[in-house]
Amino acid sequence: MLSERRLQVLRAIVQDYVGTEEPVGSKALTERHKLGVSPATVRNDMAALEEEGYIAQPHTSAGRIPTDKGYRLFVDKLAGVKPMSPPERRAIQNFLEGAVDLDDVVARTVRLLAQLTRQVAVVQYPSLTRSTVRHVELLSLAPARLMLVLITDTGRVEQRMVDCPAPFGETSLADLRARLNSRVAGRRFTDVPSLVEDLPEAFEAEDRGTVSTVLSTLLETLVEENEERLMIGGTANLTRFGHDFPLTIRPVLEALEEQVVLLKLLGEAKDPGVTVRIGHENAHEGLNSTSVVSVGYGSGGEAVAKLGVVGPTRMDYPGTMGAVRAVARYVGQILAES
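Residues numbered from 1 in each chain as written. Predicted model: local features only at pLDDT ≥ 70, side-chain atom pairs only at ≥ 80, totals over all residues. Heavy atoms only, no water.

- As annotated in an unreviewed UniProt entry, the protein chain carries the name Heat-inducible transcription repressor HrcA and is attributed to Streptomyces griseomycini.
- On record in UniProt, under Function (unreviewed entry), the comment for the protein chain is "Negative regulator of class I heat shock genes (grpE-dnaK-dnaJ and groELS operons). Prevents heat-shock induction of these operons."
- In its Sequence similarities (unreviewed entry) section, the UniProt entry covering the protein chain states "Belongs to the HrcA family." (UniProt positions renumbered as here; feature names shortened; annotations may be inferred.)

Written as structure tokens, this is what we have:
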């Protein structure tokens, strides 16, 4: 275990390196921070931190920089989450409240996160597997053609055309709409198949074919929408950190183009707390020089998706964690009210 003083020295090194982008020397540390000890003692502490792998010396400089291990200790033990100021919180709320639909909520969230953190923002659309049905609407377009509209608790709206095997009257349509909603409204997507399987039997023989067709369209919609969707923004922010990526920024950009990689990075939605993955903790090689800060968001107490940012390991962790958490909270409120 590191002594309290060495932890303070490590914290000072991380803060200075993130703030100045320059490797940190013992003289600068004692001048900038009230460590209460001589530069010689700080030098000894730095030598011990280096020996244990928390800091390293880049070949060109006399100063030291934190390693992935050093950042990890900083995030776990030394860094609080920096809360947003009241004006910042109001600005987030006002910007997100202007959204007109779910796509707009996601697009605004991406833009806001990228601006607040000046990093790459990634927002996962609410997952339908964890969503519930708010309402199913059925509209008659022609005697044997219907439109099915599925609305979820997170504001997603899916529309499908249904070609019926026979004409379907308005009375039967109203009956189907009422029976369907009484069974599935407020229920999880995963429960819907078993809730509707015997519904055709409640109808006259000549209408059962149409009812079955409507139900199979509904179930197909639930399945195909399982495809996880993401929106990404602020990639240009990475160009400001060119010197933070050892060789080139290209592997990072290539990794960010792969949706599967990004979904893995964000992690499981059911883990609602703030997660920080640093450097080599990211399994994808192209992202070994980056850190990912992510958090779950959702309406009510349950996370239905994740959002987060990707940036260099030389990151303002307290500020980034605070921004990601605050944005997630407001997105959740907007989904709950939508």
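Here the narrative resumes.
1. Topic: the pattern of salt bridges
- Under the counting rule described, the total for this entry stands at 16 salt bridges.
- In this structure, aspartate 45 engages arginine 5 in a salt bridge whose closest nitrogen and oxygen atoms are separated by 2.7 Å. Taken as a pair, aspartate 45 in helix 3 (residues 39–51) and arginine 5 in helix 1 (residues 4–20) lie far apart in primary sequence, 40 residues in all.
- With relative accessibility at 35%, the residue arginine 5 sits in the partly exposed group.
- The salt bridge partner of arginine 64 is glutamate 50, with a shortest N-O separation of 2.7 Å. You can see arginine 64 sitting in the loop between strand 1 (55–56) and strand 2 (65–66) and its partner glutamate 50 sitting in helix 3, a full 14 residues away along the chain.
- Residue glutamate 50 is classed as partly exposed on the basis of its relative accessible area of 28%.
- Salt bridges sharing partners connect three or more residues here, namely Arg5, Arg6 and Asp45. (Salt bridge = Lys/Arg side-chain N within 4 Å of Asp/Glu carboxyl O. Helix = DSSP H or I, 4+ residues; strand = E, 2+ residues; numbered from the N terminus. Buried < 20%, exposed > 50% of the residue type's maximum accessible area, 1.4 Å probe, protein only.)

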